[in-house]
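Structural description and commentary
Below are the chains, spelled out letter by letter.
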Amino acid sequence: MAGFSEKELRALERRISNIAGHLLPVVPASLATRISPSPAAAKDSYHRVHGEVNAKEAVWSIACDDSGKEFMDIIYEKAVGEGIAKITINRPERRNAFRPQTIKELIRAFDDARDDSSIGVIILTGKGTKAFCSGGDQALRKSDGYVDYDSVGRLNVLDLQVQIRRLPKPVIAMVGSFDAGYGSSIMSRLVGPKKAREMWFLSRFYDAFEAEKMGLVNTVVPLEKLELETVKWCREILRNSPTAIRVLKSALNAADDGHAGLQELGGNATLIFYGTEEAQEGRTAYMERRRPDFSKFPRKP
Ligand SMILES: CC(C)(COP(=O)(O)OP(=O)(O)OC[C@H]1O[C@@H](n2cnc3c(N)ncnc32)[C@H](O)[C@@H]1OP(=O)(O)O)[C@@H](O)C(=O)NCCC(=O)NCCSC(=O)CCC(=O)c1ccccc1C(=O)O
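Residues numbered from 1 in each chain as written. Predicted model: local features only at pLDDT ≥ 70, side-chain atom pairs only at ≥ 80, totals over all residues.

Going by the annotation in an unreviewed UniProt entry, the name recorded for the chain is Enoyl-CoA hydratase/isomerase protein, with Dioscorea alata given as the source organism.

Here it is in structure tokens:
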């Protein structure tokens, strides 16, 4: 407890619980770590503020989107009343390799989960215990991309990657092995440019513990506990402010995504602005064909 008197500690804890309740839910854990004498005490302090997370298994029900079409290559589920959607690539005989049809279905399911305001977190996983996903289905690879039901070559996984990146809800990859993700650029940010070069140039296999050590995955648990642990993380996220999560996700990506990232962050600011009385005065004045009166709104420092 070095550097803090009992009184100062209480004041900090009050401040932490304020921040936790109102704005940035990720702050308390890091502050608690800084002010606590050991990781165990940090955990205690975190739990005093947040309470324990329910460790029961989630109960899944099959979900659909409003196209009325059935899914062939994926399983789409929701844990009713929990706010969690789960999307599973269901081609275990090919180590969950994806074909254009798989990607089209993934895009539909992610769209539905985005639009469903009862959903706050989405899990992406692969069927079976052998692999999360082995990339594009090589049996369908032609010179102009991947081809399945029509004769059109497609590289539509790029659309899916952008969709996941811009989706205003967290997406947790529940994986059995690593995936390079957004090509090499984002992975290089995660593991560092030297490690990324080693991975791409040497094409070695890495186990889950090495992936954790290099910062590629957040945590490693025994396979039989993978879903339970993932659901626990979802529930922790779901206790926090949806708006804060939305803005944080776009803020975390904004610099890397350049203009597209700033556009998304700006879109979130607009959404929050629309909810203010000030914005409503602008709209009402337009509808009433008069000049807006913004004089009563403070110009904050
Ligand atoms: C994943 C392996 C390391 C797993 O190895 P192992 O556990 O020993 O299993 P296997 O016996 O090898 O495989 C079992 C079974 O599955 C079939 N299979 C596995 N992976 C694929 C695959 N990707 N495509 C088709 N079939 C697959 C395998 O043939 C076996 O079938 P049997 O009939 O039982 O023999 C290992 O399997 C492996 O290395 N797989 C290949 C991995 C690979 O090369 N993936 C492609 C990477 S490139 C890629 O994903 C393209 C990215 C991309 O798609 C893209 C990129 C940029 C722009 C756009 C796009 C896009 O839209 O597609």
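So, next bit.
Along the backbone of the chain there are eleven helices and seven strands. Per-residue burial for the chain yields a buried fraction of 21% across its 301 residues. Across the chain, the fraction of contacts at a sequence separation of at least 24, relative to all contacts at a separation of at least 6, is 60%. (Helix = DSSP H or I, 4+ residues; strand = E, 2+ residues; numbered from the N terminus. Buried ≥ 20, exposed ≤ 12 C-beta atoms within 10 Å, placed from the backbone. Contact = placed C-beta atoms within 7 Å.)

Now for the confidence of the model for the chain. With 81% of its residues at a pLDDT of at least 70, the chain reaches an overall mean of 83. Every residue in residues 1-39 is under pLDDT 50, and counting partners more than four places away or in other chains gives 35 contacts. The ipTM, which scores confidence in the relative placement of chains, is 0.94 for this predicted complex, and the corresponding pTM is 0.80. (pLDDT = per-residue confidence, 0-100.)

Bringing the site of the ligand into the picture now. Near the ligand lie 16 residues; those nearest to it are Ala 97, Gly 135, Gly 136, Leu 155 and Val 157. Across the shell around the ligand, the residue classes break down as seven nonpolar, five polar and four charged. (Near = placed C-beta within 6 Å. Nonpolar A, V, L, I, M, F, W, Y, C, P; charged D, E, K, R; others polar.)

For soluble globular proteins, nonpolar side chains are generally found buried alongside one another. In this structure, Ile 74, Ile 84, Ile 87, Ala 109 and Ile 122 are the most contacted members of the largest nonpolar core, which totals 25 residues. For this core, the secondary structure elements donating two or more residues are strand S2 (74-79), strand S3 (84-89), helix H4 (100-115), strand S4 (121-126) and helix H9 (226-238). It is H4 that contributes the most residues to this core, five residues altogether. Those residues within four positions of Ile 84 in sequence are excluded, and the remaining contacts are Ala 58, Ala 79, Val 121, Ile 123, Val 231 and Cys 234. (Core = buried A, V, L, I, M, F, W, Y, C linked by C-beta atoms within 7 Å.)

In the sheet, strand S1 (residues 60-62) pairs with S2 via three bridges, with the strands oriented antiparallel. By the bridge assignment, Ile 62 is partnered in S2 with Glu 77. In this structure, S2 lies alongside S3, joined through six bridges in antiparallel fashion. Across the sheet, Ile 75 pairs through a bridge with Thr 88, a residue of S3. Hairpin geometry of S2 and S3 is characterised by an intervening segment of four residues between the two adjacent antiparallel strands and by a positive phi of about 80 degrees at Gly 81. (Pairing = 2+ DSSP bridges.)

Before going further, it helps to examine the pairing of S3. Both faces of the sheet carry side chains from a regular strand, because those side chains alternate between them. Taking burial as the measure, the six residues of S3 include six buried ones, the bulk of the element. Of the two faces of S3, the one carrying Ile 84, Lys 86 and Thr 88 and the one carrying Ala 85, Ile 87 and Ile 89 are both buried. As judged from the six bridges shared by S3 and S4, these two strands associate in the parallel manner. For Ile 89, the partnering residue across the bridge sits in S4 and is Gly 126. Crossover handedness for the path S3 to H4 to S4: right-handed. (Right-handed = clockwise from strand over helix to strand, strands pointing away.)

With that out of the way, let us pick up the sheet that holds S3. One open sheet holds the five strands; their spatial order is S1-S2-S3-S4-S7, and the pairing between them is mixed. Unpaired on one side and paired on the other, S1 and strand S7 (171-174) mark the two borders of the sheet. Put simply, the sheet's adjacent strands are angled 25 degrees from each other on average, direction ignored. The pairing of S4 with S7 spans four bridges and is parallel. (Axes fitted to C-alpha atoms, helices over the stretch in contact; angles between N-to-C directions.)

Among the structural elements, Ser 143 can be located in the loop between strand S5 (141-142) and strand S6 (145-146). A C-alpha to C-alpha distance of 41 Å links Ser 143 and Ala 79, two positions 64 residues apart in sequence.

Moving on: the environment of Ala 113. By secondary structure assignment, the location of Ala 113 is in helix H4. Measuring from C-alpha to C-alpha, the distance between Ala 113 and Ile 87 comes to 9.5 Å, with 26 residues separating the pair along the chain. Each residue touching Ala 113, except ones within four places of it in the same chain, is listed here: Ala 85, Ile 119 and Ile 122.

Time to look at the packing of H4 against helix H5 (residues 157-166). To describe two helices that pack against each other, one gives the angle between their axes and the distance between the axes. Two numbers describe how H4 lies on H5: the axes approach to 9 Å, and their chain directions differ by 20 degrees. By the criterion of interaxial angle, the relationship of H4 to H5 is roughly parallel. Once H4 is placed against H5, the crossing between them reads as left-handed. Contact with H4, carried on its side by Ile 103, Leu 106, Ile 107 and Phe 110, involves Val 157, Asp 159, Leu 160, Gln 163 and Ile 164 of H5 and no other residues of that element. A breakdown of the residues in the contact of H4 with H5 according to their chemical character gives seven nonpolar, one polar and one charged. (Parallel < 35°, antiparallel > 145°, perpendicular 65-115°, else oblique. Left-handed = near helix turned anticlockwise from the far one by under 90°.)

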